[in-house]
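Residues per chain are reported as follows:
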There are 2 protein chains.
Amino acid sequence: MNSLKTVCTFTCLIVSNLFLSAEAPKVHSDGSVTFELIAPDAKSVQVDVKGRTGEENDGKPFDMVRGKDGKWTYTSAPLDPGFHYYFHFIDGYRIADSTNPLYFGWARLANGVEIPDPNLDCYLPRNVPRGEVSIRPYFSKITQSWRDAYIYTPPGYQKNLKKSYPVLYLQHGSGENQTSWSVQGYVGNIMDNMIADKQCVPMLVVMDQGYAYRPDAKLDENGRRENNFEELLVSEVIPMVEANYRVNANRKNRAVAGLSMGGGQALRIALTNLDTFSHLGCFSGGARNLSELVGDTKHLNRKLDLFWMACGTEDGGYQRNVEAHELLTASGVKHEFYAHPGTHEWQSWRRQLSVFAPKLFRN
Amino acid sequence: MNSLKTVCTFTCLIVSNLFLSAEAPKVHSDGSVTFELIAPDAKSVQVDVKGRTGEENDGKPFDMVRGKDGKWTYTSAPLDPGFHYYFHFIDGYRIADSTNPLYFGWARLANGVEIPDPNLDCYLPRNVPRGEVSIRPYFSKITQSWRDAYIYTPPGYQKNLKKSYPVLYLQHGSGENQTSWSVQGYVGNIMDNMIADKQCVPMLVVMDQGYAYRPDAKLDENGRRENNFEELLVSEVIPMVEANYRVNANRKNRAVAGLSMGGGQALRIALTNLDTFSHLGCFSGGARNLSELVGDTKHLNRKLDLFWMACGTEDGGYQRNVEAHELLTASGVKHEFYAHPGTHEWQSWRRQLSVFAPKLFRN
């Protein structure tokens, strides 16, 4: 337990403009972006921009053009507002530009660029009372390793000592991790702003890594290890949080939500632990066996104060979300389905959190 | 104030073995390390290992050797125990391997490798009560930007609500930032272990970025902007901490320390703010105008409960530290000088913190 090797090593980094030796991507007023990279000895340099790029590139990286002094440049078409992961390739090798900010996504550290959104500002920092995000180490019996939970505590938590709070357990998507909601999701800004505007009640937001493997994990038919995260959240994370923070440790004061893969996890966790959770949010996600999970509709309706689903109408999973919504409606499951313009990207999840959080812990 | 562009963007990342598509460096029992990188189309791949490498390379990167399938490898000589930053070069372009952990150092994100140390284990995680490191945003009037302070709170802080704590303000070195002490320094592990062993009193440790520039900062003769960090710590960070945390807001309960560049900052901050601080630690650092800073020796000795300097005997600055120690002795300044085997690397600073912290807040 005391070897650094067994630690799920975290690296927390600030990249400030003080230190940039390469140029940051230049975002133009129309949302197009000029990427630059100085590599005089490279034969080819590319940039791989994720999300909708406004060009038909079939997801392939764009070739950058070599200028004098070995500076390679590429200017994109206007990108969708919000957050876009990007990578460079140097002679075919996928790199992170370590002089610009990095975000955990695509199962590795990736660069990212932010396109201003005229229609959404909930995630921008404002001069309101600020909460904080705490990195809390705990030892998992399931994984036999140290893990870090990221825990948002609201403004006043450190000083308002008589108050206890409800908790939202909030999960990331595939290939991301416990840092993703607070870094590229700006959960701190969103919650601080909404609490300041009295749009939502002060709460803790607990973000953990949605992958948890036993050392002797079995492999499935695809060679994948069994993921015990759902068990870990209920049997290890919740007790750890309730032992260490001033929270209301009861069903009425626990919510679980997640995006994409994490939305499916949230569905399964809530619907199989109705004595533990009263609020459920599924952001751009779903579960194949939803009707099985729903089980006894009356019991479910009595237990869940909120069953909330959301999906962008341009999300590849939108139709499946509509079908799930219809299944729930046909089954008599009280729920809300929030459809909005948007793709399977962070701008949708920031928006969804800003619509979901105000509905929590109201009774 | 509400643009993401003005945010000192932080990226907090976990790289777990779950996601590695490249190999992690293999540390052998003798401390040598095999680095591997798959880049079939690269003409040349190098690895640049920082710290003492056991080879005469004058600080230049080592050439890696291309094997079949485009895998490049290099096995180092035995490295010094502790933490070594490293980079790769792909056809001359310095990269971060984004599938392995990254640490902020060398003014950018760098990879790092940890060599086990038979003589120091204070920084390894143990099954003791754990504190946490909180990321606290605040708006700086000096820099006119959002900044993040990293704040260690000890075990029990969240629950032991009647207690208030002393505070150590602890600074990183040149090219590092507010994340460095908690990530590569493992300040959380060190403090948790020492508090569990009753070697030091529970305290908060506040780590901020040691660079703070006014938007209209003047340039010095070398074209460098004036750094207002020392003013910012006293006029903005301390009030922010004391407004938001349960701390004892008086001189007796404030210490300031730092490593390398941060050691010089700590010296200047403490010696010019004797009504604010009672404890001072200078780790492998120094200040050119020390005798001026010392000023009235009697006054200094009355105000400072601890004036502590430390340096590794193999540190390039060791002789300057010995001279500073002699100057202080000759001037009648009560102080301690801790010399130990070690270089200008993190292993020395982990060690120094573990010797310094037990001396704090004892009266």
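Data block above holds the structure.
An account of the accompanying structure is given in this report. Fair warning: this is a prediction, and the values are worked out from it, not measured in the lab.

Take the sheet that holds strand E6 (residues 65–66) of chain A next. Residue and element names in this part refer to chain A. Taken in spatial order, the four strands line up as E2-E3-E7-E6 in an open sheet, and their pairing is antiparallel. In the strand order of this sheet, the two ends are held by strand E2 (26–27) and E6, each with one partner. Across five bridges, strand E3 (residues 33–38) lies against strand E7 (residues 71–75) in antiparallel orientation. Residue pairing in the sheet places Ile-38 in a bridge with Lys-71 of E7.

Moving on, we come to helix H4 (residues 261–271) of chain A. Residues lying three or four places apart along an α-helix face the same way, a consequence of the helix completing one turn every 3.6 residues. Across the 11 residues of H4 of chain A, nine count as buried, placing the element largely inside the fold. Restricting attention to buried positions, one finds in H4 of chain A the residues Gly-262, Gly-263, Gly-264, Gln-265, Ala-266, Leu-267, Ile-269, Ala-270 and Leu-271 of chain A.

One open sheet accounts for four strands, arranged E2-E3-E7-E6 (chain B); its pairing is antiparallel. Because the sheet does not close on itself, it has two edges, and the strands there are strand E2 (26–27) and strand E6 (65–66) of chain B.

Now for the packing of aromatic side chains. Applying the stated criterion across every chain, the model contains 36 aromatic pairs over all chains. Between Tyr-157 of chain A and Tyr-245 of chain A the ring centres are 6.4 Å apart and the planes differ by 40 degrees, which places this aromatic pair in the tilted class. Taken as a pair, Tyr-157 of chain A in the loop between strand E13 (145–153) and strand E14 (167–171) and Tyr-245 of chain A in the loop between helix H3 (229–244) and strand E16 (254–259) lie far apart in primary sequence, 88 residues in all. Ring centres 5.3 Å apart and planes at 40 degrees place the aromatic pair Trp-308 of chain A and Phe-356 of chain A in the tilted group. Taken together, the positions of Trp-308 of chain A in strand E18 (residues 306–312) and Phe-356 of chain A in helix H8 (residues 346–356) put the pair 48 residues apart, joining distant regions of the chain. For Trp-308 of chain A, a relative accessible area of 1% puts it in the buried group. Judged by its relative accessible area of 0%, Phe-356 of chain A falls in the buried class. A connected cluster of aromatic rings, assembled from ring pairs, spans Trp-181, Phe-283, Trp-308, Tyr-338, Trp-346, Trp-349 and Phe-356 of chain A. Positioned above the aromatic ring of Trp-106 of chain A, the side-chain terminus of Lys-50 of chain A is 4.0 Å from the ring centre. Directly above the aromatic system of Phe-87 of chain B lies the positively charged group of Arg-94 of chain B, at a separation of 4.5 Å from the ring centroid.

Residue and element names in this part refer to chain A. For the structure shown, the criterion picks out 34 salt bridges over all chains. With its nearest N and O atoms 3.3 Å apart, the salt bridge here joins Asp-48 to Arg-94. With a gap of 46 residues between them, Asp-48 in strand E4 (residues 45–49) and Arg-94 in strand E9 (residues 93–95) connect regions that are remote in the sequence. Using a relative accessible area of 3% as the deciding quantity, one classes Asp-48 as buried. Linking Lys-303 and Asp-275 is a salt bridge whose minimum nitrogen-to-oxygen distance equals 2.6 Å.

Rules used throughout
Residues numbered from 1 in each chain as written. Chains lettered and ligands numbered in written order. Predicted model: local features only at pLDDT ≥ 70, side-chain atom pairs only at ≥ 80, totals over all residues. Heavy atoms only, no water. Pairing = 2+ DSSP bridges. Helix = DSSP H or I, 4+ residues; strand = E, 2+ residues; numbered from the N terminus. Buried < 20%, exposed > 50% of the residue type's maximum accessible area, 1.4 Å probe, protein only. Phe/Tyr/Trp six-rings, centres within 6.5 Å; stacked < 30°, edge-to-face > 60°. Lys NZ or Arg CZ within 6 Å of the ring centre and 35° of its normal. Salt bridge = Lys/Arg side-chain N within 4 Å of Asp/Glu carboxyl O.

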